[in-house]
Structure formats: structure tokens, C-alpha cells
Amino acid sequence: MFSSSVAPLSFLLLTPYSPVLFIDNDDVQARCLTNSFYGIYGGQSVFKLTDPSCLSVESFGTLEGGSLLPLSENTHQLVWVQESAVDDALRTPDYEEEVYTFLKFLNTESLPINAALHGSGQEFMSSKPGVELLHSSASSALLAVDPDSAQTIDTILPRFWKSAILPASPVSYLPVPAPAIDHIKGLLSTLKFDPVIASTVNSLSISQMRSDIRFLTNEDGRSGIVTRHSFASGSRVAADWLLERFEETGATCELKSFLVGFAPNVICRYPSTTETTSTVLISGHYDSRGSFGSQRAPGGNDDGSGTIALLNIARAIAKTGITFRSNVELVAFAGEEQGLLGSKAYAREMRNQDANITLMIQADMLGYHAPGEPAQLGLPQSIGTPEVAELVSKVSGIYSPELTIGYSPACCSDHQSFYELGYPSTQVFERAGPIADPMYHNSGDVSDRVGYDLHQIRSIAKVQFATLLHAAGFDLPEYENLQ
Ligand SMILES: *[C@@H]1O[C@H](CO)[C@@H](O)[C@H](O)[C@H]1NC(C)=O
Ligand SMILES: [Zn+2]
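What comes next is a walk through the structure. Bear in mind the structure is a predicted one, so any value in this text is a computation, not a measurement.

Observations regarding the overall build of the protein chain
Here's step 1: Regarding its fold elements, the protein chain presents 15 helices and 18 strands.
Here's step 2: Considering the protein chain as a whole, with its 483 residues, one finds that 58% of them fall into the buried category.
Here's step 3: In the protein chain, the share of contacts with a sequence separation of at least 24, taken over all contacts with a separation of at least 6, comes to 80%.
Here's step 4: Split by element, the accessible area of the protein chain, about 18700 Å² in all, is 54% carbon and sulfur.

Structure, rendered in C-alpha cells:
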């Protein structure tokens, strides 16, 4: 073992995510890992170990597929970059070239970041350049970059790649506790068709959704929003507009900042009529990303579609006069494109307040399916609570039987932030397979195009809404009028 006179090594451990790693709190290794956890990125758990003695060589050997990276002391920010799960149809020669150039750039040591990027690194140009590659594979990399560049690295990534800024200190990991799972199982066991829920969710309006998405993308010229990137003024325009629209529906909203420079989360609440402790939360993210070299990021699908689902659920709540038995929160997150930053901050805050979030459903990318494919509902293959996905799938079968249901490897929107802190969570997605939207993270992600299907968005929004109604419980003053 290590003597106390030896300076503690610092190193990063990357190993495929498995809840089993954290489970046994009496086990030295599990406790060590839990205390040095930095999050899950692209299916890999990342740990920063300053006391390697807690992880024996033998036990390291049992961490299948893991790798250990020595870490030099520096002030640089760690950033994980990762290719999203995309359909083969999107892997065009142009895209492969983009990835090749990017990986070549990463593997060229200590190159000033702007020199390698055809001189169009936008915000990067003015900041201290430099990037250090700590680890890479064909579809991911771990970088140390200066803090300013870290926040805008998404603007220079290949199109189907995502970035995530690692936190400065360890984060806690809490498995979803058994009683919380039991609560979901209880909902599953009593789930049956409810005619009031059916008529309530059927009041979602396609024409209203079309009008809302055209505002957010500026396809109708009303908002003037060029991009909803978290650092752009357009994201503030969107936040203010969303707050006003949600408040018109009787919600109490706030714009909640979570990090300097970033657009705020838009958090809206409906009060409970009977219970006071439990909360059901549904969400989307309103920030967007465009393609390299272009400012324009309409985000009509990613995630304007989840945002209008949320907004139109709110509009339907107002229209029907429904009240909820438990607390209900509708949240439009920002900072998703920089690594779920808005939702991480909010989930942490909820956990610190000991909030009892019994169910969380994130809607991210609901609008696209490949031409010729049926309308679909995709549920996450990896990150998320299986029982919640099962509940959502059953609810879909009841209220949106037009959707073909399946699982997707496309991974990880804001539900991950809640899942990691022990809240039962899942995501609803547009496809029972990898991402197939050719306009994903592209300046062409508008709503008026082939493959963008408002009917599918409505069908998935019905599922998110019906699950909310079943889980939160509700009362409807004009019950008779809807029958
Ligand atoms: C959370 O809310 C659920 C549903 O109302 C309830 O069954 C459970 O006891 C609550 N948990 C806590 C820790 O308050
Ligand atoms: Zn998204």
C-alpha cells in the first residue's frame, strides 16, 4: 500500500456505467467510487481519484473495459466530447471528413485551437487557445481546455458530436431508491384507460403547436431569434416569451439562472390541491445548437419540439381547468447542449431541498422520423429508470396507439441529471432507433421540412401529458363538458 509520505496521485478512471459499482455502501471500493464520481458521459462513468489506495489493483482488474489516466495538476477544465448515436444514413462522406479533421486536430498536441479550425472558431478566436487530449476513441474524447473555451466548444464540434463540461468537484450518485420504484410499480399495476384523461390529452392542438414552433424558430419572422444557443440573446428572448406563455396558463414561473453567461432555466409550477410533498416534473430543453460556421440554430426539432409539447400541455391545462392533486412542475431547461448543465443544477437543488420528485419525463426531439417510417416513440436503452419507461410505454399504448414504440441508443438528455440523483426518470424521443434527423444540430433544423411531423409531436406530447395526469392525480371542474 501507499505510505503517507508519498504524494497522492491523481488519476481519472473511466469505466462503462453500471449501477452495481455504487451499490454496496459498506464496501470500501463502492464508497471510494461514490465519493470520487464526476458523472456519466457517453455511457462511461468518470471518477477522479486522489487516493488510489481505496481502489486496489485487484479490484481495478474487475472493472471491465476501464481505463486509468494519470492527471497532471492544472487549472484546465475537463470536457467530454462524444458522438451521438446516429443512423448510418447520416454518415455521409462530408460528415466523416469533418470527424476525421476533428480527431486529427485533437491528436495534434497542444495546437492552438483556433489554428486548426480554418480560422473560423468564432468565440474561440478571442480566448486563450489550447487543448490537451487526455483520452480518445473513434467516437469520444476527454479534453482539458481553458475554461472559456470549454463553454463554447460545442460550436466547433463535428455536427453529431456533443460536449459535456465536467464539474469542478465530485458529484454524488444516488441510485433510485426501492420505495420510489415501488411507487411507479403501483402506478403500473392500477393503470387503465380513463376517458377524462383521453379527452384532456386530445385537446392538444396541432395548429397552436405549429404557431408556437414557428415563433421559436423565427420561421414566421415574429421573434427575430437567430439562435437559442445558451449564450445568445435569442435564448433570452425565448426564455421571456416562454415565461409569459406559461404564466398565462395559471402557472407560477421563474427564470432561474444556474451559471454565469448561460440563459436561465424556465421553471413553472402548478400547486397541489391535496398532497403537499410529492412533485411530478415534465420537461424539455429550449436551448439549441447549429452547424459549425453558422450562427443560425433554429432548433425546430432539437428541442423546439419538446418545448412546444410542454407549452401545449400547459395550454391544455388552462383550457380544461384541470387541477392537480400533487405538485406539478413544467421546466424548460437551458445549457443542455453544453452537457445538461441547466438540469444538473436544478436536480442538485431539488435533491438538496429533499424534494420528493416521484416521476420525471424529459421530451427531447419528438419531431422527426425517416420518410416512410411510421410515427414512433423512442425510450432510452441505457440511462433512465426502466419502470418509468414501461409506464410511459403502457400509457402510449392506451392514449396514442398510433405510435410504434421501441428503444433508442440515442443517449442522454436532461433526465440523466435527475436519474443520477435518485429520481425515477425517463426520456421520450422520436424514434425507435438512433438519431436519423439529417438536420440534427444543423442550421436547417426548421419545422417546415420533409420528415418533421407535428402529428408525431402531438402524439408523444399526449403520452407525456397522460402519464403526468395518471401520476399526479387531478380534478376537473368541467368534467361533464368533456364527456
Ligand atoms: C413521496 O411521494 C409519494 C407519493 O405521494 C409518497 O408515496 C412517498 O411516501 C413520498 N416520499 C417521501 C420520502 O416523502
Ligand atoms: Zn436535445
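Let's talk about empty space enclosed by the protein
Here's step 1: Per the counting criterion, the structure on display carries 1 cavity of 30 Å³ or more.
Here's step 2: Each pocket or cavity is described by its volume, and for the largest cavity that value is around 150 Å³.
Here's step 3: Together, 18 residues line the largest cavity, and Lys162, Asp364, Met365, Ile435 and Tyr440 are the ones closest to its centre.
Here's step 4: Across the lining of the largest cavity, the residue classes tally to 8 nonpolar, 5 polar and 5 charged.
Here's step 5: Counting residues domain by domain, the lining of the largest cavity receives three or more from each of domain 2 (78-165) and domain 3 (178-482).

Thoughts on the layout of surface pockets
Here's step 1: Quantified by volume, the largest pocket comes out at close to 500 Å³.
Here's step 2: The wall of the largest pocket is formed by 22 residues, among which Pro167, Val171, Leu341, Lys344 and Ala345 lie closest to the centre.
Here's step 3: Taken together, the elements giving at least two residues each to the lining of the largest pocket come down to β2 (37-41) and α11 (341-352).
Here's step 4: No other element matches the 4 residues that α11 contributes to the lining of the largest pocket.
Here's step 5: Here the lining of the largest pocket is built from residues that sort into 14 nonpolar, 5 polar and 3 charged.
Here's step 6: Each of domain 1 (10-71) and domain 3 (178-482) contributes no fewer than three residues to the lining of the largest pocket.
Here's step 7: Taken as a whole, the second largest pocket encloses approximately 400 Å³ of empty space.
Here's step 8: What lines the second largest pocket is a set of 22 residues, among which Gly42, Gln82, Lys162, Cys411 and Cys412 lie closest to the centre.

Observations concerning the pairing of strand β15 (residues 376-380)
Here's step 1: Burial of β15 is extensive: 5 of the 5 residues sit out of reach of the surface.
Here's step 2: What you see with β15 is no split at all: Gln376, Gly378 and Pro380 on one side and Leu377 and Leu379 on the other are buried throughout.
Here's step 3: Alignment of β15 against strand β16 (residues 404-408), held across 5 bridges, turns out to be parallel. Its bridge partner lying in β16, Gly378 is registered against Gly406.

Some words on the site of ligand 1
Here's step 1: Surveying the vicinity of ligand 1 reveals the residues His183, Glu275, Ser278, Asn356 and Thr358.
Here's step 2: Between ligand 1 and the protein, one listed contact pairs an oxygen atom with a side-chain N or O atom of Ser278 at 3.4 Å.
Here's step 3: Counted by class, the shell around ligand 1 contains no nonpolar, 4 polar and 1 charged residues.

A few points about the pattern of salt bridges
Here's step 1: Summed over the entire model, instances satisfying the criterion amount to 17 salt bridges.
Here's step 2: With a closest N to O distance of 3.3 Å, Glu83 and Arg91 form a salt bridge.
Here's step 3: The class of Glu83 is buried, set by a relative accessible area of 13%.
Here's step 4: Residue class for Arg91 comes out partly exposed when judged on its relative accessible area of 28%.

A few points about the packing of helix α12 (residues 386-399) against helix α14 (residues 454-472)
Angle between the axes and distance between the axes: these two values describe a pair of packed helices.
Here's step 1: Axis separation between α12 and α14 bottoms out at 9 Å; the angle between their running directions is 110°. Overall, the two elements α12 and α14 adopt an arrangement that is roughly perpendicular. You can see that α12 and α14 cross each other, and the crossing is right-handed. Where α12 approaches α14, its residues Leu391, Val392, Val395, Ser396 and Tyr399 are matched on the opposing element by Lys462, Val463, Ala466, Thr467 and His470.
Here's step 2: Tallied by class, residues from the contact of α12 with α14 come to 6 nonpolar, 3 polar and 1 charged.

Remarks on the nonpolar core
Here's step 1: Counting 102 residues, the largest nonpolar core has Phe246, Tyr286, Phe324, Leu330, Val428 and Leu468 as the members making the most contacts within it.
Here's step 2: At 11 residues, the largest contribution of residues to this core is made by α14.
Here's step 3: Three or more residues apiece are contributed to this core by two domains, here domain 2 (78-165) and domain 3 (178-482).
Here's step 4: When sequence neighbours within four positions are dropped, the list of residues in contact with Leu468 reads Val280, Ile282, Ile313, Phe324, Val328 and Gly473.
Here's step 5: Membership of the second largest hydrophobic core comes to 16 residues, among which are Leu13, Tyr17, Ile383 and Cys412.

Points about the packing of helix α10 (residues 304-320) against α14
Here's step 1: Between α10 and α14, whose axes approach to 9 Å, the crossing angle comes to 55°. Here α10 is positioned oblique relative to α14, judged by the angle of their axes. The handedness of the crossing between α10 and α14 comes out as right-handed. Counting all contacts with α10, which are made through Ser305, Ile308, Ala309, Ile313, Ala316 and Ile317, the residues of α14 involved are Leu454, Ile457, Ala461, Gln464, Phe465 and Leu468.
Here's step 2: The class makeup of the residues in the contact of α10 with α14 is 10 nonpolar, 2 polar and no charged.

Thresholds applied
- Throughout, residues of each chain are indexed from 1 in the direction in which the sequence is written.
- Starting at A for chains and at 1 for ligands, labels are handed out in the order in which the entities are written.
- For this predicted model, a pLDDT threshold of at least 70 governs which residues receive local features, and a threshold of 80 or more governs which side-chain atom pairs are given and counted, while totals over whole chains, interfaces and linings are taken from all residues.
- In computing side-chain values, all of the structure's heavy atoms are included and hydrogens and water are not.
- We count a stretch as a helix when DSSP gives it H or I for four or more residues in a row; a strand needs E for two or more, and each element gets its number in order from the N terminus.
- To sort residues, take the accessible area from a 1.4 Å probe on protein chains only and compare it with the maximum for the residue type: under 20% means buried, over 50% means exposed, and anything in between is partly exposed.
- It only takes one pair of heavy atoms within 4.5 Å for two residues to be counted as in contact.
- Methods summary: accessible areas were calculated by the Shrake-Rupley approach with a probe of 1.4 Å, and residue burial reflects only the protein chains presented.
- With a 1 Å grid laid over protein atoms only, a set of points is called a cavity when a 1.4 Å probe fits there but cannot get out and a pocket when it is open yet has protein on both sides within 12 Å along at least five of seven lines; lining residues have an atom within 4 Å of a point.
- Grid points are joined across faces, edges and corners, and a volume is the space filled by probe spheres set on the points.
- Under the scheme applied, nonpolar residues are Ala, Val, Leu, Ile, Met, Phe, Trp, Tyr, Cys and Pro; charged residues are Asp, Glu, Lys and Arg; polar residues are all the others, including Gly.
- Start and end positions for the domains come from either an automated domain assignment or a database one.
- Here, any two strands with at least 2 DSSP bridges between them count as paired.
- Working definition: residue near molecule or strand if any one of its non-hydrogen atoms lies within 4 Å of it.
- As used in this structure description, the phrase polar contact means that two N or O atoms lie within 3.5 Å; if the pair is within protein, one of them must be able to donate a hydrogen and the other to accept it, and residues adjacent in sequence are counted only when both atoms belong to side chains.
- Salt bridges are defined as contacts in which a side-chain nitrogen from Lys or Arg sits within 4 Å of a carboxyl oxygen from Asp or Glu.
- All axes here are fitted lines through C-alpha atoms, helices being fitted over the stretch that makes contact, and every angle between N-to-C directions spans 0 to 180 degrees.
- Any angle from 65 to 115 degrees is called roughly perpendicular, while one under 35 is roughly parallel, one over 145 is roughly antiparallel, and all others are oblique.
- Should the near helix be turned anticlockwise from the far one by less than a right angle, the crossing is left-handed, and should it be turned clockwise, the crossing is right-handed.
- Joining through side-chain atoms within 4.5 Å is the link that ties buried Ala, Val, Leu, Ile, Met, Phe, Trp, Tyr and Cys residues into a set, and such a set is a nonpolar core.

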